[in-house]
Amino acid sequence: MGEAKGFLKHPRQEVGHRPLEERVHDYRECTLPLSADALRQQAARCMDCGVPFCHAAGCPVQNEIPDVNDLVYRGSWEEACRLLHATNNFPEITGRICPAPCESACTLSINDSPVLIQHIELQVAERGFERGWIHPLPASDRTGASVAVIGSGPSGLAVAQQLARAGHAVVVFEADERVGGLLRYGIPEFKLEKRILDRRLYQLAAEGIRFETGVEVGTDLSVRYLKRTFDAVCLAVGARQPRCLSIPGAEQSNVLLALDYLSAQNRLCTGEPSEASVPIDAADKDVVILGGGATGFDCIGTARRQGAKRITQLEIQPRPPIERPASIPWPQWPRLHDELAASDLGCEQRWNVLTTELVGEGNRVEQVHAREVEWEPAGDRWQMREISGSDFTLAADLVILALGFVHAVHDGLVHDLGVRLDERGNIRTDEYQTSVPWVFAAGDAVSGASWVAGAIHAGRQAADAADRWVRS
Ligand SMILES: Cc1cc2nc3c(=O)[nH]c(=O)nc-3n(C[C@H](O)[C@H](O)[C@H](O)COP(=O)(O)OP(=O)(O)OC[C@H]3O[C@@H](n4cnc5c(N)ncnc54)[C@H](O)[C@@H]3O)c2cc1C
Ligand code: SF4
């Protein structure tokens with residue numbers, strides 16, 4: 001452990017952001033890194049407590065957080081970088097966009113502010129790229145086995161990198177034009193600039209991974225071809241079946257799925273042609289976003305940058321708590337509401353609201369009709385009750401559905417492979433192996449829509465399982 005009682009001496013220093021007036025006019029990242037000296041002080045706050053809950057209960061990839069902190073405190077950055085990569089293929093990505101359950105699980109957070117774990121991770125990874133410590137590590141021996149990875153999101157990329165380093169020939173098939181899954185087409189540029197992803201992809205390609213993009217496996221390639229060509233397959237196809245809105249008017253032309261909206265803007269940011277069939281520009285429009293989760297929030301940030309006239313976000317559930325509630329005790333991760341985040345972006349958020357109808361003319365929505373609801377306990381569940389007389393109407397030029405995803409897409413590949421599904425429609429696995437023995441699966445396709453860190457960890461585990469299978 002670095003500095004004894006450092007946590008008593010140094011308060012937590014938050015990461016800065018570019019001024020709001022500046023950052024809402026561009027799509028560049030918002031955070032301003034701390035200086036090396038400040039970071040060393042932040043690392044010194046780590047208590048090296050006996051059981052590191054940040055590592056054991058918080059971090060989905062199980063980063064060796066106290067040791068990384070100690071190495072940063074001692075100035076051994078290269079060693080810290082190596083240690084981070086022992087558990088996490090892409091710390092420069094989780095260091096930017098992970099919801100950081102490690103910090104909720106930090107022992108200091110019981111009665112103080114947690115260690116600045118995520119920003120330390122980010123800075124170690126960034127220094128690793130700057131100094132050339134992160135470079136291609138191609139396998140020295142080849143096994144002669146070949147594995148196909150379907151999908152190039154974080155789980156597919158982690159599977160591919162682990163298997164290539166184990167000496168297998170790896171081909172990643174991706175339906176989209178470019179590699180990255182939701183890292184490229186979902187998560188907005190202002191949270192994760194795509195040059196950060198491309199920098200890492202260079203490493204993967206140099207390690208011998210072959211990327212075949214624009215190939216939808218199941219349509220452009222058959223299961224028979226996969227079986228004939230590869231020793232094993234890993235499905236990392238994500239949970240891409242969107243949750244639909246079954247109310248009158250939902251099929252009109254200015255009602256967009258959040259992912260279509262966000263991916264069109266991401267394509268615009270990087271100069272890729274967009275497939276959007278309707279204009280996706282929110283400039284001067286009344287924008288109504290249905291869905292109060294993280295994806296809805298990304299839509300707020302995008303609509304603000306596009307110059308929306310008015311942004312309203314409606315959510316059927318109650319507002320999340322502002323502080324950790326008693327029902328989610330330490331070290332669990334609570335989803336908290338940041339009171340300022342949306343209002344700073346000029347968005348009005350309304351909770352406990354049921355959208356009842358989208359009304360318009362000529363295939364275009366002009367009004368969103370909605371009603372307030374309340375939630376009452378009913379046994380071990382909550383029951384919704386509509387409040388009579390609470391109906392209201394909002395003007396809308398653009399309606400964005402950010403209602404989440406239900407499970408992996410079943411039509412095509414998943415159906416053709418005949419892999420078993422669980423009761424929620426996700427791919428069922430036993431130790432990352434599906435019911436079809438030569439087929440493995442990882443990421444959101446197995447867990448349902450989740451987070452990047454979990455997808456990376458699952459990818460690493462699935463790679464281990466597939467490696468054992470092809471060697472057996
Ligand atoms: C808008 C948005 C913002 C998010 N923000 C964050 C965030 O800030 N932090 C965070 O931790 N998580 C975030 N997430 C969640 C995170 O992106 C996902 O949990 C993660 O990307 C899942 O990784 P994956 O590899 O399992 O799947 P995906 O990233 O979904 O990748 C699956 C890939 O498989 C491809 N594919 C599917 N079927 C086929 C086929 N038949 N043939 C070929 N290719 C196929 C798809 O085209 C896709 O590229 C966000 C999600 C969304 C939608
Ligand atoms: S991956 Fe997420 S949980 Fe793990 S150390 Fe990084 S920010 Fe924390």
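Everything here concerns the structure above.
Residues numbered from 1 in each chain as written. Chains lettered and ligands numbered in written order. Predicted model: local features only at pLDDT ≥ 70, side-chain atom pairs only at ≥ 80, totals over all residues. Heavy atoms only, no water.

**So, the pattern of salt bridges**
Taken as a whole and assessed by the stated rule, the structure comprises 30 salt bridges. Taking the shortest distance from any N to any O, the salt bridge between Glu3 and Lys9 comes out at 2.5 Å. Judged by its relative accessible area of 15%, Glu3 falls in the buried class. The salt bridge involving Arg385 is made with Glu374; its shortest N-O contact spans 2.3 Å. Pair noted here: Arg385 is in strand 14 (residues 381-386) and Glu374 is in strand 13 (residues 364-378), with a separation of 11 residues, a long-range link. Of the residues examined, Arg385 reaches a relative accessible area of 37% and is grouped as partly exposed. A relative accessible area of 32% means that Glu374 is categorised as partly exposed. When salt bridges with common partners are traced through the structure, they connect Asp176, Glu177, Arg178, Arg184, Asp198, Arg267 and Glu272 into a single cluster. (Salt bridge = Lys/Arg side-chain N within 4 Å of Asp/Glu carboxyl O. Buried < 20%, exposed > 50% of the residue type's maximum accessible area, 1.4 Å probe, protein only. Helix = DSSP H or I, 4+ residues; strand = E, 2+ residues; numbered from the N terminus.)

**Section: the packing of helix 3 (residues 36-44) against helix 5 (residues 65-73)**
Where helix 3 meets helix 5, the closest approach of the two axes is 8 Å, and the angle between their N-to-C directions is 140°. Judged by the inter-axis angle, helix 3 sits oblique to helix 5. Read as a crossing pair, helix 3 and helix 5 show a hand that is left-handed. Of the residues in helix 5, those in contact with Leu39, Arg40, Ala43 and Ala44 of helix 3 are Asn69, Val72 and Tyr73. Of the residues belonging to the contact of helix 3 with helix 5, the class tally is five nonpolar, one polar and one charged. (Axes fitted to C-alpha atoms, helices over the stretch in contact; angles between N-to-C directions. Parallel < 35°, antiparallel > 145°, perpendicular 65-115°, else oblique. Left-handed = near helix turned anticlockwise from the far one by under 90°. Contact = heavy atoms within 4.5 Å. Nonpolar A, V, L, I, M, F, W, Y, C, P; charged D, E, K, R; others polar.)

**Describing the site of ligand 1**
Near ligand 1 lie 35 residues; those nearest to it are Ile97, Ser155, Glu174, Lys191 and Asp444. Here Asp444 contributes a backbone N or O atom positioned 2.9 Å from an oxygen atom of ligand 1. Protein chains bury 94% of the 990 Å² of accessible surface belonging to ligand 1 in isolation. (Near = heavy atom within 4 Å. Polar contact = N/O pair within 3.5 Å; in protein donor to acceptor, adjacent residues only side chain to side chain. Areas by Shrake-Rupley, 256 points an atom, 1.4 Å probe, with all protein chains shown as cover.)

**Things to note about the site of ligand 2**
As a matter of local geometry, ligand 2 sits amid 13 residues, with Cys59, Asn63, Cys98, Cys102 and Glu121 nearest to it. Within the residue set of the shell around ligand 2, elements represented by two or more residues are helix 8 (101-105) and helix 9 (117-130). The element contributing the most residues to the shell around ligand 2 is helix 9, with three residues. Considering only residue class, the shell around ligand 2 consists of nine nonpolar, three polar and one charged.

**Some words on the sheet that holds strand 11 (residues 347-350)**
One open sheet holds the five strands; their spatial order is 8-16-9-10-11, and the pairing between them is parallel. With one partner strand each, in any of the chains shown, strand 8 (255-257) and strand 11 form the two edges of the open sheet. Averaged over neighbouring strand pairs, the angle between their axes works out to 20° when direction is ignored. As defined by bridge partners, strand 8 adjoins strand 16 (residues 398-401) across three bridges and the pair is classed as parallel. Paired with Leu257 across the two strands is Leu401, which belongs to strand 16. Where helix 15 (residues 294-306) meets the sheet, it contacts strand 9 (286-290), strand 10 (310-314), strand 11 and strand 16, and its direction lies at approximately 175° from that of strand 10. (Pairing = 2+ DSSP bridges.)

**Section: the environment of Phe90**
Within the secondary structure, Phe90 sits in the loop between helix 6 (77-85) and helix 7 (91-97). If sequence neighbours within four positions are ignored, Phe90 has contacts with Pro154, Leu157, Ala158, Gln161, Arg200, Leu204 and Ile456.

**Here we look at helix 19 (residues 452-471)**
With 20 residues, helix 19 extends 29 Å from end C-alpha to end C-alpha; this agrees with the ideal 28 Å at 1.5 Å per step. Across the 20 residues of helix 19, 14 count as buried, placing the element largely inside the fold. (Expected span 1.5 Å × (residues − 1).)

**Let's talk about unusual backbone geometry**
With an omega of 5°, the peptide bond running from Trp330 to Pro331 counts as cis. Mapped onto the fold, Pro331 is located in the loop between strand 10 and helix 16 (339-344). The phi dihedral of Asp284 is positive, around 60°, even though this residue is not glycine. By secondary structure assignment, the location of Asp284 is in the loop between helix 14 (258-270) and strand 9. Residue Asp284 is classed as exposed on the basis of its relative accessible area, which comes to 60%. Here the phi dihedral of Glu431 falls at roughly 50°; this positive angle occurs in a residue that is not glycine. Checked against the element boundaries, Glu431 lands in the loop between helix 17 (413-417) and strand 18 (439-441).

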